Structures are given as structure tokens and as C-alpha cells.
Amino acid sequence: MATHGFQDGSGTGVSLPDAVPFDLPHLSRLSWELGSRVVDGEDVVRHSEWARAGRSWLLTIFRVTSNTVVMRVETPVGRERFYGAAEQDLESALPQLESAPRWDRLELE
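Predicted model only: the values in this text are computed from it and were never measured.

Chemist: How should the side chain of histidine 47 be read in this particular structure?
Modeler: Looking at the element boundaries, histidine 47 is found in strand S4 (residues 45-52). In this structure the side chain of histidine 47 is engaged in a polar contact, spanning 2.8 Å, whose partner is the side chain of serine 48. Not counting chain neighbours up to four residues away, the residues in contact with histidine 47 comprise Ile61, Phe62, Arg63, Glu91, Leu94, Arg105 and Leu108.

Right, dumping it as C-alpha cells:
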């Protein structure tokens, strides 16, 4: 995936893992502690949840403000990574996720 945005001024771009079938401009990587606190907030709404074939990767998208989403990516070994993005950027990338042959949308509980 292409890298977009700069996290700490070091020139290192932020991108979603290669397993995720899209990338977003202006993506921010959140620490595990911050990301887990944000998605556990009272006003947070789970937008959607996706699994790669065999459920080796999980992607959960949360609406955290009226214009911001946080994505939680769970790796095959169970690590959680959190990314923040503008909801508008996500909406334009969702068709790529929906049409990805190895990714399926899961039913929300």
C-alpha cells in the first residue's frame, strides 16, 4: 500500500497493513492505549466489521466523531493496531473493501 501522511516528522509514512485492500490519505497511527480508550468511549458507534478469509485479519471501523473514524486492525497473531482518518476519506475507499474477494462484512452484534 502507498504511504500517506507523516506521523512524527521523521519522514516515516503511515499506512494500513498490506492485507487491508485500501489505503487512506491523511491517516494517523494511534497508540494501542489511546486507540483502545477511544473505541471504548460512550458516544462511539461501530460502523462495520470485516474479516479476511479464514478470519486471519479483522478490521473494525468506529465512528468516533461526526467527521472522524478509528479503525482497529487485528493481525493474525492477535495484535491490535489503531488508525484515525476522516470519515469522508473512508467513505470513498469503502467500495474497494466491499469488492475485495477475500474480505467479508460481518454482522454486528
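Next comes the rest of the description.
Chemist: I'm lost on the environment of glutamate 91 in this one. Help?
Modeler: Looking at where glutamate 91 falls in the secondary structure, it is placed in helix H2 (residues 87-99). Here glutamate 91 falls in the partly exposed class, since its relative accessible area comes to 35%. Contacts of glutamate 91, omitting those with residues within four sequence positions, involve His47 and Arg63.

Chemist: Even after reading the chapter, I still don't get unusual backbone geometry, so can you show me in this structure?
Modeler: The phi angle of most residues is negative, glycine excepted, and most peptide bonds adopt the trans form. Residues other than glycine seldom take positive phi values, yet histidine 26 does so here, at roughly 60°. Here histidine 26 lies in the loop between strand S2 (13-14) and strand S3 (28-30).

Chemist: Honestly, the nonpolar core in this entry has me stumped. Any pointers?
Modeler: One recurring pattern in soluble globular proteins is that nonpolar side chains are buried together. Within the largest apolar cluster, 22 residues are counted, with the highest numbers of intra-cluster contacts made by Leu16, Phe22, Leu27, Leu59, Ile61 and Met71. For this core, the secondary structure elements donating two or more residues are strand S5 (58-63), strand S6 (68-74), strand S7 (80-86) and H2. The biggest single contributor to this core is H2, with four residues. In this structure, Leu30, Val44, Phe62 and Val70 belong to the second largest nonpolar core, which totals six residues.

Conventions used here
Residues numbered from 1 in each chain as written. Predicted model: local features only at pLDDT ≥ 70, side-chain atom pairs only at ≥ 80, totals over all residues. Heavy atoms only, no water. Helix = DSSP H or I, 4+ residues; strand = E, 2+ residues; numbered from the N terminus. Polar contact = N/O pair within 3.5 Å; in protein donor to acceptor, adjacent residues only side chain to side chain. Contact = heavy atoms within 4.5 Å. Buried < 20%, exposed > 50% of the residue type's maximum accessible area, 1.4 Å probe, protein only. Core = buried A, V, L, I, M, F, W, Y, C linked by side-chain atoms within 4.5 Å.

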